[in-house]
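Descriptive structure summary
Here's the letter readout for the chains.
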Amino acid sequence: MSLRRTLLTMRRIMQQLRHDPRTIALLLVVPSALVGLLAWSLVNRPGNFDALGPRLLGVFPLTMMFLVTSVTTLRERTNGTLERLLTLPLAKAEFILGYAGAFGVVAIVQSALVSTLSYSVYGLSHQGIPWRISVVALCAGLLGTAFGLALSALAKTEFQAVQFMPAFILPQLLLCGLMVPLAQLPTALRYVANVLPMTAAVHAITPLQTTTYYLEQFAIMVAYIVGALVVGSATLRRRTK
Amino acid sequence: MSDTLALEVSRLRVVRNHNEILKSLTFDVAPGTLVGLLGPSGSGKSTLMRSLLGVQVITSGSALALGERVGSPVLRRRLGYMAQGSAIYLDLTVRENLAYFAGILDLDDSQVDHVLDVVSLRPFAQRLVSALSGGERSRVSLAVALLGAPPLMILDEPTVGLDPVLRQDLWRTFAQLADEGTTVLVSSHVMDEAARCDRLLLLREGRLLFDDTPGALLERTGAPGYDAAFVRLIEGAS
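Just so it is clear, the structure is predicted and the values come from calculations on it, not from any experiment. Sequence positions are assigned chain by chain, starting from 1 and proceeding in written order. Lettering for chains starts from A, numbering for ligands starts from 1, and both go in the order in which the items are written. Predicted model: local features are reported for residues with pLDDT of at least 70 only, side-chain atom pairs are reported and counted for 80 or more only, and whole-chain, interface and lining totals are derived from all residues.

Observations regarding the sheet that holds strand β7 (residues 152-155) of chain B
All names here are of chain B. Spelled out, the test is: Strands are treated as partners if at least two bridges between them are detected by DSSP. Note on conventions: DSSP H or I runs of at least 4 residues are helices, E runs of at least 2 residues are strands, and numbering of each starts at the N terminus. For every element, the axis is a line fit to its C-alpha atoms; helices are fit only across the contacting stretch, and the angle between N-to-C directions ranges from 0 to 180 degrees. A pair of residues counts as a contact when their C-beta atoms, built from backbone coordinates, are separated by no more than 7 Å.
With mixed pairing, six strands are arranged side by side in an open sheet as β6-β7-β8-β3-β9-β10. One side of each edge strand has no neighbouring strand; the edge strands of this open sheet are β6 (79-82) and β10 (207-212). Within the sheet, the average angular offset between the axes of one strand and its neighbour, ignoring direction, is 15°. Relative to β10, strand β9 (residues 199-204) runs antiparallel, the two being bridged by five bridges. Bridging across to β10, L202 finds its partner in F210. Helix α1 (residues 45-53) rests against β3 (34-38), β6, β7, β8 (183-188) and β9 of the sheet, and its axis sits at about 150° to β7. Packed onto the sheet, helix α5 (residues 164-179) meets β3, β7 and β8 and runs at close to 150° relative to β8.

If you want it as C-alpha cells, here you go:
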C-alpha cells in the first residue's frame, strides 16, 4: 500500500467536490441551518437546546457522509472508473482510504462550522469540550463514509442508493436515545440500541461522563469504521463473473 | 523478450449465467500487430477483451498477455485499456483526469502533455469532461489508455459514435503505435474499419469465424467489400 496513491485518490475526490460548489454548499449550509432551526424552535424552553443540540452534531456527519459516499462510489462502480482503476496498480485499500480521507476532511469542516455557529450564534452553553465534539464529528463522518462505501455495493442505481439512507439512518435515529432515553426502551431494543454506531456518536458527546465511558463510545465507533471499511474493500472485485 | 507473443490464447471459454459467451477460442498475436476484433454486437468481443485484461473470470482454457497470465499484477502497468463508455470522471477537467491516472502509474506531468498531444486535446486540457462532446470524451479515455506507453493496448470500440474525420485520425494513431512496436487490439462492429488492420479476428456467437489479413478475407469470400465479405462468411458458416 502506498501513501502517495492514497493521497492522490483523496486529492482527486476533493477536486471533484471543488467542481461541484452546490454540493459543498449543501454539505455546509444544511446542518448549520437545521441546528439553527432547532435552537430557534426551543427558544421558549430554556435548557432544552443545551441538552439536544450537541447530540445532533454526531447525527449530521453520519447521515450526510453516508449519502454522499454511497452515491459517489456507486457512480464509480457504474461508470467504469472503478473497473479502470482496478486494472491499474491501485490497491483497494488506497481507494477506500482515499475516500475516507477526503470525506473525513469534509466532516471536520462541517462540524467545525456547525459547532462554532452553535456556540457563538445559537447560544449553546454546553459543558462538552470542543475538541471532543470535533473528534466525535470526525468519527461520525468516517462512520457514514465507511458504511456508504460498503452498502453502495448492494445498490444497482443511484435511486436505490438514496433509498438506503432512510433504511440505514432512521432506525438508528429512533433508537439512539434522542427520542426515548435508552433506559426506557424494551430490554431487547436496549441491547440493540447500545451497540449501534449512532448511539455511540450521541453518547460520546453527552456531558459529564467518565473517561472510560467516552473511550468505550470511541472504541465502538472505531470498530464500526474499521469493520465497514474492510467489508467495503471486500466488495471491490478486480475480477467479475 | 522480443519473441514473446503479445497474446497467447488457448481454448478460452467463458460461461456467464449458463450462457457460453466464448466457445473455446485459440489464437496468438505477434508484437507490433494492429489487430481488428470485429463482429456483431453480442458476439463476445467485450467479454474477450475483458478476459484479456484480467477483469473477467475465465471458465476454462488459458490466456497470456505479454507472456504473463492475464490478471497478473505485473500487467497492471503494461496494459492500456479503453472500455466501452468513457470510464473517466465527468466532474474533473481533462488534465485532472489524466494527472490522477498518471499519478497512479507513477508518471509525471510530461506524460500527460504527451498523451494530450497524441489525441489532439491540448486546447481542452482545462475543460470539465462533462462539458465535452461524446467524441472528445472518447479521446480523453484513449489518452488515459496511452499513459506510460504500454506495450499492449486493448481498445473496446474506441471509434463508436465518432465522425469520419476523427475515426480516420484515430486509426492513423493506432497504425503508428503498431509501427512503433505496440500491439493494438481494437474492437469494432463497423466492418469497413477492417481495411485498416494488419490482421482480423471475426467473432460470431463466441466463435472465431475468421483469423487472417483483410486481403485474405476479400480473396476468400470474393466479396466486393468488408460488409459483404462478413455476410458471406456468416452464410457460409451457418
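Thoughts on α1(B)
Operational definition: Neighbour counting defines burial: a residue surrounded by 20 or more other C-beta atoms within 10 Å of its own C-beta is buried, one with 12 or fewer is exposed, and intermediate counts give partly exposed, using backbone-placed C-beta atoms.
Of all the nine residues making up α1(B), seven are buried; the element is thus mostly covered by neighbouring parts of the structure. Following α1(B) by one or two positions, B:G54 adopts a phi angle in the positive range, close to 90°.

A look at the confidence of the model for chain A
Any segment with low pLDDT has predicted coordinates that should not be analysed in fine detail. Basically, it comes down to this: Confidence of the prediction at every residue is given by pLDDT, a number between 0 and 100.
The predicted model of chain A has a mean per-residue pLDDT of 88, with 98% of residues at 70 or higher. When pLDDT is averaged over each element of chain A, helix α1 (residues 3-18) of chain A comes out on top at 95 and helix α6 (residues 130-151) of chain A at the bottom at 85.

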